[in-house]
Amino acid sequence: MGVVVLVTGVARQLGARFVAEVRRRPGVDLVVGVDGRPPRQPPEEPAAPYRFHQLDLRRPALSRVLAEHGVDTVVHLSVSATGLGSTNRSAVKESNVIGTMQLLGACQKAPGVRRLVVKSTTGVYGSAPRDPAVFSERMQPKDPPGGGFAKDAAEVEGYVRGFARRRPDVAVTVLRFANIVGPGADTPLSEYFALPVLPTVLGYDPRLQFVHEDDAVAVLCRAAAEPAPGTVNTGTFNVAGEGVLLLSQCARRLGRPTLPLLLPAVSWMAVLARQTRLVDVSPEQLRLLTHGRVVDTARLRDTFGYRPAFSTPEAFADFAAAGSPGLLPPERLAAAADRLTALLGPEGAPAGPTAGPDAVPNRPRRPRS
């Protein structure tokens, strides 16, 4: 028999794309989707059959699903910053943490489970002014996340490490993704970048990293399969495109003006935006947009054996191309700069009629007595 893969979080864009891709992989006999809500679009029928179970991970019914289908690979993608159809923070936390605990309990009782892949985030490193320039997988954050999705992810990773100790026969992989972008990205950061004017913190221009959604799906597929010769796909890996972008560079590439404000004013605007459901700018995201975060991806390339197809600038460029044009499109700015350069002349002096060779230079006037 081939591999039977169970995927959580299939109602989200990343989960649906991963299901569609993993079903095309050779050796996969069945893909089982689990989520509290049905997928927005039923997946196509390329190769392996697909079964969907609508259930809440916080309920103990998952053990029955694992036993019914003989699942041997579990890919946990439902740990997310926002809840589908709910903005209640406590409900999101329960879904992330309690749902993961129930999933790990079901996997521990299922002797057929041989591989577990968990989607995490580089947010577990936090964002603080005393952070190192680059985080590696072995580093601990200077200021651990005090709440929100980053703290949920840190707690989830702790439970996953406990599961790995209790079930050493299971290959466990934790993937710490940077902010995922792309034409179909549906993350809180993509909602922030969709604003007509981007509020920023005065005096700060953070460094940001992104991973393209195509690379995210490819990494998940590699983690859910047997490792390629000479590589290891168990352990913890940072996943991000090479290079960094400053927040100001992101704004210019989107054609969106920035509105620099003092940190208290930006915090107040973030609270107001969450209350009015305009955009979900959480405190942890505000810290990211203040201090930034950069991670080392050497283990992803050298140990895991994957080099992202999109760098951070390329991934963001693809995301920007799929969005609506901003108030200050880059091509307009470039054209205006060219016109200004032509008016000022090659050395910045106003372009005008040049003086002839016989012209008498201006002489300073004598002061009147």
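What you see as residue numbers is a count from 1 along each chain, following the sequence as written. With pLDDT at 70 or above as the cut-off, local features in this predicted model cover only qualifying residues; side-chain atom pairs require 80 or more to be listed or tallied, and sums for whole chains, interfaces and linings still use all residues. Computation of side-chain values covers all heavy atoms of the structure but excludes hydrogens and water.

S.K.: Which residues make up the overall build of the protein, and what values do they have?
M.R.: Runs of E in the DSSP output that reach at least two residues are strands. Runs of H or I that reach at least four are helices, and both are numbered from the N terminus. Of the regular secondary structure elements, the protein holds 12 helices and 13 strands. Type-normalised accessible area, obtained with a 1.4 Å probe on protein chains alone, sets the label of each residue: buried when under 20%, exposed when over 50%, and partly exposed for intermediate values. The 369 residues of the protein split such that 45% are buried. Working definition of accessibility: Shrake-Rupley area with a 1.4 Å probe, residue cover restricted to the visible protein chains. Within the structure as shown, the protein displays about 18,900 Å² of accessible surface, and the carbon and sulfur contribution to it stands at 56%.

S.K.: Account for empty space enclosed by the protein, with residues named and values stated.
M.R.: Method remark: on a 1 Å grid restricted to protein atoms, a set of points is classed as a cavity if a 1.4 Å probe fits but cannot get out and as a pocket if it is open with protein on both sides within 12 Å along at least five of seven lines; lining residues have an atom within 4 Å of a point. Grid points are joined across faces, edges and corners, and a volume is the space filled by probe spheres set on the points. Applying the stated criterion across every chain, the model contains 1 cavity of 30 Å³ or more. Looking at the largest cavity, its volume works out to about 50 Å³. Forming the boundary of the largest cavity are T122, A178, N179, L208, Q209, L288, R293, V294 and V295. For this classification, Asp, Glu, Lys and Arg are treated as charged, while Ala, Val, Leu, Ile, Met, Phe, Trp, Tyr, Cys and Pro are nonpolar and the rest, including Gly, are polar. Each residue belonging to the lining of the largest cavity can be placed in one class, and the counts come to 5 nonpolar, 3 polar and 1 charged.

S.K.: Account for the environment of S120, naming residues and giving values.
M.R.: Topologically, S120 is positioned in strand β5 (residues 115–121). You can call S120 buried: its relative accessible area is 4%. Taking the C-alpha atoms as reference points, S120 and V156, 36 residues apart in sequence, are found 8.2 Å from one another. We call two residues in contact when some of their heavy atoms are within 4.5 Å. Not counting residues up to four positions away in its chain, the partners in contact with S120 are A153, E157, V174, L175, R176 and F177. Of the polar contacts made by the side chain of S120, one reaches the side chain of E157; its length is 2.7 Å. Pairs of N or O atoms within 3.5 Å make up the polar contacts considered here, provided that, within protein, one atom can donate a hydrogen while the other can accept it, and that residues adjacent in sequence are counted only when both atoms are side-chain atoms.

S.K.: Can you tell me about the packing of helix α2 (residues 62–69) against helix α3 (residues 89–109), naming the residues and giving the values?
M.R.: It is the contact of α2 with α3, at a shortest axis distance of 9 Å, that shows an interaxial angle of 40 degrees. Considering the angle they form, α2 stands oblique to α3. Between α2 and α3 lies a crossing of right-handed hand. Along its contact with α2, which presents L62, S63 and L66, the element α3 presents L103, A106 and C107. Among the residues making up the contact of α2 with α3, the classes are represented as 5 nonpolar, 1 polar and no charged. Orientation is described by axes fitted as lines to C-alpha atoms, over the contacting stretch for helices, and by angles from 0 to 180 degrees between their N-to-C directions. An angle below 35 degrees is read as roughly parallel, one above 145 as roughly antiparallel, one from 65 to 115 as roughly perpendicular, and any other as oblique. Take the far helix as the reference: if the near one is turned anticlockwise from it by less than a right angle, the crossing is left-handed, and if turned clockwise, right-handed.

S.K.: Kindly report on the sheet that holds strand β2 (residues 28–35), identifying the contributing residues and their values.
M.R.: For two strands to count as paired, DSSP must find a minimum of two bridges between them. Here 7 strands make up an open sheet; going across it, the order is β3-β2-β1-β4-β5-β6-β11 and the pairing parallel. With one partner strand each, in any of the chains shown, β3 (50–54) and β11 (235–239) form the two edges of the open sheet. Across the sheet, the mean angle separating the axes of adjacent strands is 15 degrees when strand polarity is ignored. In the sheet, strand β1 (residues 3–8) pairs with β2 via 6 bridges, with the strands oriented parallel. Among the inter-strand pairings, V4 is bridged to a residue of β2, identified as L30. Those strands touched by helix α6 (residues 213–223) are β4 (73–76), β5, β6 (171–177) and β11, and its axis lies near 170 degrees from that of β6.

S.K.: Can you lay out the packing of aromatic side chains for me, pointing to particular residues and giving the numbers?
M.R.: When two rings of Phe, Tyr or Trp (its six-membered ring) have centres within 6.5 Å they constitute a pair, described as stacked for plane angles under 30 degrees, edge-to-face for angles over 60, and tilted for the intermediate range. Under the counting rule described, the total for this entry stands at 8 aromatic pairs. On the numbers, 5.2 Å between centres and 75 degrees between planes, the contact of F193 with F316 is edge-to-face. Of this pair, F193 sits in helix α5 (residues 188–193) while F316 sits in helix α11 (residues 312–322), placing them 123 residues apart in sequence. Assigned by exposure class, F193 and F316 land together as buried. With a centroid separation of 5.6 Å and 55 degrees between ring planes, the pair formed by F316 and F319 is classed as tilted. Separated by 3 residues within a single helix, F316 and F319 lie in helix α11, roughly one turn from each other.

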